[in-house]
Amino acid sequence: MRKTKETNATCPACGTQFAVTGNGVAVAVENKALSKLPGTVQERIEALREKGVDVSGLFALQGSTGGQYVISNKGGVLTVLNDDDPIYRAILSQGTVSNPRLFRRWVMAQMFHMLSYKERFRKEPVGVTEMIHRMGYEYQWRMLLDELHAQMKMEPRDLASFSERNRWFNVRVVEAMAQEYVENLTRYVDAQPVKKCEGVPYKRVGGENIFEQDLYNKLYGPLNRAAGRIRSAKNAAQLYNAAKAFDDLRVRLPRETPQCKAWIDAYKGAGASYTMQNLLRFHGCTLIDDHGEQLDKDRSLIFLSLQADRNKNGGGWRMLAMLKKMLDDNGIDIQKKMKEWSQRKTK
């Protein structure tokens, strides 16, 4: 197969990067996530560094009561940088700051890719749902564990960001994934040919020979108990550990096994929500509310958050529809936008 030549394109507003192939297809490379003034002191120092501030005299300090501070050691004098310090006002003058260490570096690039990808000689995109299916069954478990691990680390330190992420990937979704996995596994095992050892029927599952009479004790029982621990998880750490324990027990299923419906919906909701945030913050886009009113940037962000809360339990597909409408309302042509970024980079 002939290798397609790729050219990296970077959005000058938010740093989203794409690999644009010779036929105009965009592949997600990297999206530098952007946010308002970061909450943790280390992230604030990183934001200052990216804005060209000399941070060699800054360091993070945690007080005995748990508070965190950025300390300036200028001329041997230690000074706490408050939120209203001129150095912070400077980097907030544009309303948002770039920090590639923050969440969702790839989201906008990936969503643009899935929304616009066309097969050769086809006029219409294949669609987001089909693009998700093409990632294969195991992708959902890798992605989920990465997400839950990040939430586990975030919950004690950044509750606002944790809540925003947990809105989509939470106990409800993980429990649904576990339940659907057991159902898929049962169908897979039932379809395997029956063999016999000294007249006793057995099946070969996941590289292991299991007597049919032992299938529950060795296969289904441990999975059901692990699923129970998922249901009873009370915090992010318990949920991650329970999901990891369940994943360790799993027999890998064929790639074409259907992905969990709840996970697909959450994936669409999270991807669409973060892409819209990016478009609102850095691309001059706005939203139209349910009454047909054109909102400004700040009210658009509030309206987006309200819609995400309203659709967090099974309504992720509505967020994707909202993203498509937003692109149309703001006259955003994805492929034209990426070509524009690519041309600007080559000048």
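For every chain, the first residue of its written sequence is number 1, and the numbers climb from 1 along that sequence. Totals for whole chains, interfaces and linings use every residue, but because this is a predicted model, local features are given only for residues with pLDDT of at least 70 and side-chain atom pairs only at 80 or more, for both listing and counting. With hydrogens and water stripped out, all remaining heavy atoms of the structure feed into the side-chain values.

With that out of the way, let us pick up the overall build of the chain. Starting at the N terminus, helices and strands are each numbered in turn, a helix being any DSSP run of H or I of at least four residues and a strand any DSSP run of E of at least two. The secondary structure content of the chain amounts to 13 helices and 11 strands. Burial classification: accessible surface area is computed with a 1.4 Å probe over protein chains only, and a residue below 20% of its type maximum counts as buried, one above 50% as exposed, and the rest as partly exposed. In the chain, which comprises 347 residues, the proportion classed as buried is 46%. Contacts are residue-level and defined by heavy atoms, with any inter-residue pair within 4.5 Å sufficient. Taking as baseline every contact in the chain between residues at least 6 positions apart, the subset at least 24 positions apart corresponds to 62%. To be clear on the numbers: accessible area is Shrake-Rupley with a 1.4 Å probe, and residue cover counts the displayed protein chains and nothing else. Total accessible area on the chain stands at roughly 18900 Å², and carbon and sulfur atoms take up 49% of it.

Glancing now at the pattern of salt bridges. Definition used for salt bridges: Asp or Glu carboxyl oxygen within 4 Å of a side-chain nitrogen of Lys or Arg. For the coordinates displayed, the defined rule picks out 14 salt bridges. One salt bridge connects arginine 167 with aspartate 309, and the closest N-O pair in it is separated by 3.1 Å. Of this pair, arginine 167 sits in the loop between α6 (159–166) and α7 (171–190) while aspartate 309 sits in helix α11 (residues 297–310), and the two are 142 residues apart along the sequence. Residue arginine 167 is classed as buried on the basis of its relative accessible area of 13%.

Next up on the list: the environment of glutamine 335. As for its placement among the helices and strands, glutamine 335 is situated in helix α13 (residues 334–346). Distance from glutamine 335 to leucine 115, taken between C-alpha atoms, is 9.9 Å for residues 220 residues apart in sequence. Once you skip the residues sitting within four places of it in the chain, glutamine 335 turns out to touch Ser116 and Lys118.

The 3 strands lie next to each other as β9-β10-β11, forming an open sheet whose pairing is antiparallel. Where the open sheet ends on each side, the last strands, each with one partner, are β9 (195–197) and β11 (208–211). Taking each pair of neighbouring strands and ignoring which way they run, the sheet shows an average axis angle of 45°. In this scheme, strands are said to pair when DSSP sees at least two bridges between them. As paired elements, β9 and strand β10 (residues 200–205) share 3 bridges and run antiparallel to each other. Following the sheet pairing, cysteine 197 is matched in β10 by valine 200. Lines are fitted to the C-alpha atoms to define the axes, a helix being fitted only along its stretch in contact, and any angle between axes, read from their N-to-C directions, falls within 0 to 180 degrees.

Given two aromatic rings, their pairing is described by the distance between the two centres and the angle made by the two planes. Classification of ring pairs rests on two measures: the distance between centres of Phe, Tyr or Trp rings, Trp counted by its six-membered ring, which must be within 6.5 Å, and the angle between planes, read as stacked under 30 degrees, edge-to-face over 60 and tilted in between. Using the criterion set out here, one finds 7 aromatic pairs in the structure. Between the aromatic rings of tyrosine 181 and phenylalanine 246, the centroid separation amounts to 5.7 Å while the plane-to-plane angle is 85°, which identifies the pairing as edge-to-face. Here phenylalanine 246 lies in helix α9 (residues 236–249) and tyrosine 181 lies in helix α7, a separation of 65 residues in the sequence. By relative accessible area, which is 0% here, phenylalanine 246 ends up buried. Ring geometry for tyrosine 202 versus phenylalanine 211: centroids 6.4 Å apart, planes at 85°, classification edge-to-face. Chaining the aromatic ring pairs together yields one cluster made of Tyr139, Trp263 and Tyr267.

Here we come to unusual backbone geometry. A positive phi angle, near 70°, is found at phenylalanine 121, a position not held by glycine. For phenylalanine 121, a relative accessible area of 77% corresponds to the exposed category.

Nonpolar side chains in soluble globular proteins tend to end up buried together. Joining through side-chain atoms within 4.5 Å is the link that ties buried Ala, Val, Leu, Ile, Met, Phe, Trp, Tyr and Cys residues into a set, and such a set is a nonpolar core. The biggest cluster of nonpolar side chains holds 71 residues, and the ones touching the most others in it are Phe169, Tyr181, Leu185, Phe246, Trp263, Tyr267 and Leu323. Sort the elements by how many residues they give to this core and helix α10 (residues 261–282) lands first, with 11 residues. Contacts of leucine 185, omitting those with residues within four sequence positions, involve Leu219, Tyr220, Leu223, Val251 and Leu253.

Along the chain, histidine 113 falls in helix α3 (residues 107–116). Between the C-alpha atom of histidine 113 and that of glutamine 335, which follows or precedes it by 222 residues, the distance is 9.2 Å.

Let us look at the pairing of β11. Here β10 pairs with β11 via 4 bridges, running antiparallel. The residue of β11 that forms the bridge with lysine 203 is isoleucine 210.

Within the element layout of this structure, glutamine 192 appears in the loop between α7 and β9. Apart from the residues lying within four places of it in its own chain, the contact partners of glutamine 192 are Lys203 and Arg204.

Our next topic: the side chain of threonine 275. Within the secondary structure, threonine 275 sits in helix α10. Under the relative-accessibility criterion, threonine 275 is labelled buried at 0%. Contact partners of threonine 275, with chain neighbours within four places excluded, come to Val107, Met108, Met111, Phe112 and Leu323.

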